[in-house]
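Okay, here's what each chain looks like letter by letter:
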Amino acid sequence: LVAPLVARSELALEIESPPDLAAEAMRLEALQPVAMPAFQELLDLQDVGGPIRIVLVAEGSEFAKRVPTWIAGFAQGEESLVVLFPGRIPAYPYSSLTELVRHEVAHVLIDRKSKGAAVPRWFHEGLAMTAEGSWRMADRSRLAMAMLRSREPAVDELSALFGGDEQRVAWAYAVSGAFVRDLLRRQGPDSVAALLSTASRGADFDEAFQSVMGTTPAAALSAFWHRSALWYRWLPFLSSTTVLWIAVTLLALLAIKRRRDRDRKILEAWEAEEAQVELGPEDLVN
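All of these numbers come straight from a predicted model, not from anything done at the bench.

Asks: Would you explain the confidence of the model for the chain in this entry?
Replies: On average, the chain scores 85 in pLDDT, and the residues at 70 or more come to 85%. Scored below 50 in pLDDT, residues 1–6 makes 1 contact in the model with residues more than four places away or belonging to other chains.

Now the structure itself:
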């Protein structure tokens, strides 16, 4: 027997925008309804709930001036509200308005799955990054730089970095995104829904994490950091211009050596042939 497919509801957006952002509002209207089946399946959400209010903010507005320029959007899950600054895209970790919308909508869905339970920022952001799509070269590069320049962070420090400056926020995104993806690979996709469901029933997040993952967040982060550190610390060095030129130089020297060896063998063969000609047949007999 084939199990029937479970129909998952699609999420609608209620978009508000000033006149000068009408084009961006039309682009978001074209996304209606928002289809995020993979993320819904990850959270085990058959019903995503009611519509989400999307408010677009112009860059020159008074509200925008009060928000740091590296923040392209934010979500308030308990209010089903997403605020976007389209003029700030692209801004890591988003490369398009569509990615930004999916990321912020993911935050609302996480809050709905956890029923408003306290979920640490590093997990919230890392999980929302999975809704954007694949792990890109920009993510790998930023993680490599973070591991090259920084010491191993504590879990609380990782969450606190999201409240810092642009560099710290980018650092926190890169590490959180990689850490959560590592958890999904090692613990399986079902672990996310189980973790959030356990938290929604009143368990402290750390307790829920240990119950589902079999370890503490601190131990899991430390293990991830040590597994990844060797590769990502060597990656910038191996991909640097200096190493590239060293490799090119060594290859050139190797090519020169092989050419000289080949020329020497040809020269030796010629000399042997000339020696035979100079001796003559009668000399060879004698």
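Asks: Would you explain a negative patch on the surface in this entry?
Replies: Taken together, the side chains of D156, D204, D206 and E207 present a region of like negative charge at the surface. Relative to the elements of secondary structure, E207 occurs in helix α10 (residues 205–213). Taking relative accessible area as the criterion, E207 reaches 53% and is therefore assigned exposed.

Asks: What exactly am I supposed to notice about the environment of P153 here?
Replies: Along the chain, P153 falls in the loop between α6 (137–149) and α7 (155–160). Apart from residues no more than four positions distant in its own chain, P153 is found in contact with W171, L221 and W225.

Asks: Which parts of the structure should I look at to understand the sheet that holds strand β4 (residues 81–84)?
Replies: Backbone-to-backbone hydrogen bonds pair the strands of a sheet. The strands run either parallel or antiparallel. Spatially, the 4 strands line up as an open sheet ordered β1-β2-β4-β3, and their pairing is mixed. On the outer flanks of this sheet lie β1 (13–16) and β3 (73–76), each paired with one strand and no other. Taking the axes of each pair of neighbouring strands and ignoring which way they run, one obtains an average angle of 20° across the sheet. Bridge count between β1 and strand β2 (residues 52–56): 4 bridges; the pairing is parallel. When the bridges of β2 are listed, E14 appears paired with R53. Contacts between helix α4 (residues 97–114) and the sheet are confined to β1, β2, β3 and β4, with β4 contributing the most and set at about 155° to the helix.

Parameters and conventions
- Residues numbered from 1 in each chain as written.
- Predicted model: local features only at pLDDT ≥ 70, side-chain atom pairs only at ≥ 80, totals over all residues.
- Heavy atoms only, no water.
- pLDDT = per-residue confidence, 0-100.
- Contact = heavy atoms within 4.5 Å.
- Patch = residues over 30% accessible without salt bridge, like charges linked within 9 Å, V, L, I, M, F, W, Y side chains within 5 Å.
- Areas by Shrake-Rupley, 256 points an atom, 1.4 Å probe, with all protein chains shown as cover.
- Salt bridge = Lys/Arg side-chain N within 4 Å of Asp/Glu carboxyl O.
- Lys, Arg positive; Asp, Glu negative; His and termini not counted.
- Charge placed at Lys NZ, Arg CZ, Asp CG, Glu CD.
- Helix = DSSP H or I, 4+ residues; strand = E, 2+ residues; numbered from the N terminus.
- Buried < 20%, exposed > 50% of the residue type's maximum accessible area, 1.4 Å probe, protein only.
- Pairing = 2+ DSSP bridges.
- Axes fitted to C-alpha atoms, helices over the stretch in contact; angles between N-to-C directions.

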